[in-house]
Amino acid sequence: MNKITCICLGVKNMEKAIKFYRDGLGYKTNCKENNPLVCFFDTAGTKFELYPLDLLVKDIDESSLKIGSGFSGFTLAYNVEKKEDVDKVIELVKNAGGKIIKEPQNVFWGGYHAYFSDLDNYFWEVVWGPDFQFDENGLLKF
């Protein structure tokens with residue numbers, strides 16, 4: 001039996017969100033309309049991660065985020081194969097109208113990352129790691 005993993009984002013404006021992800025970031029979809037009832041995007045796969053909330057706030061921006069003040073502790077990860085891809089994705093986000101929360105920078109564990117929020121204020125980490133390996137479907141291997 002095949003299992004399908006889907007993360008559903010509740011968005012405020014379908015048309016703007018579809019244009020952000022499809023046209024701005026280049027996610028693949030069969031959605032031809034700009035304002036359908038639902039729209040699914042193809043991804044290489046999904047991993048579910050648990051991470052301490054206080055450390056996640058610190059990792060993103062502890063000066064502007066406070067636990068219990070609108071930040072739910074939920075982020076999405078955009079894992080890339082090359083370090084320079086972090087900068088390329090952040091440029092796509094800027095051009096698509098997303099908000100850069102944390103500019104690309106080196107991380108204490110040897111990786112390189114940045115954070116952005118989409119048009120509905122969902123947080124995304126764009127991240128590259130020197131030991132990242134991907135399977136034949138583009139899914140990050142652990």
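Residues numbered from 1 in each chain as written. Predicted model: local features only at pLDDT ≥ 70, side-chain atom pairs only at ≥ 80, totals over all residues. Heavy atoms only, no water.

K.L.:
What should I look at first to understand the pattern of salt bridges in this one?
P.N.:
Here the idea is simple: oppositely charged side chains can pair when their charged atoms come close. Summed over all chains, the structure comprises four salt bridges. One salt bridge in this structure joins Lys 19 and Glu 15, with 3.2 Å as the shortest N-O distance. Of the two residues, Lys 19 and Glu 15 are both situated in helix H1 (residues 14-24); the distance of four residues between them amounts to about one turn of the helix. Of the residues examined, Glu 15 reaches a relative accessible area of 33% and is grouped as partly exposed. Its salt-bridge partner being Lys 94, residue Glu 103 comes within 3.8 Å of it at the nearest N-O pair. What makes Glu 103 partly exposed here is its relative accessible area of 42%. Looking at Lys 94, the relative accessible area reads 38%, which means it is partly exposed. (Salt bridge = Lys/Arg side-chain N within 4 Å of Asp/Glu carboxyl O. Helix = DSSP H or I, 4+ residues; strand = E, 2+ residues; numbered from the N terminus. Buried < 20%, exposed > 50% of the residue type's maximum accessible area, 1.4 Å probe, protein only.)

K.L.:
Just to check I follow, could you spell out the state of the cysteines for this structure?
P.N.:
Put plainly, a disulfide is one covalent bond tying together the sulfur atoms of two cysteines. In total, this model carries one disulfide according to the counting rule given. Across a sulfur-sulfur distance of 2.3 Å, Cys 31 and Cys 39 are joined as a disulfide pair. Handedness here is read from the sign of the S-S torsion; for Cys 31 and Cys 39, about 140°, the answer is right-handed. With respect to burial, Cys 31 and Cys 39 carry one shared label: buried. (Disulfide = S-S within 2.5 Å.)

K.L.:
Just checking my understanding: could you explain the nonpolar core for this structure?
P.N.:
Note on soluble globular proteins: their nonpolar side chains tend to be buried together. Judged by nonpolar contacts, the single largest core of 18 residues is most densely connected at Phe 116 and Val 126. When residues of this core are traced back to their parent elements, those giving at least two are H1, strand S3 (75-79), helix H3 (83-96), strand S5 (112-117) and strand S6 (123-128). Per-element tally for this core: the top contributor is H3, with four residues. With residues near it in sequence (within four places) discarded, Val 126 still touches Tyr 78, Val 80, Val 86, Val 89, Ile 90, Tyr 112, His 113, Ala 114 and Phe 116. Among the nonpolar cores identified, the runner-up in size contains seven residues, and Leu 56, Val 57, Phe 71 and Tyr 115 belong to it. (Core = buried A, V, L, I, M, F, W, Y, C linked by side-chain atoms within 4.5 Å. Contact = heavy atoms within 4.5 Å.)

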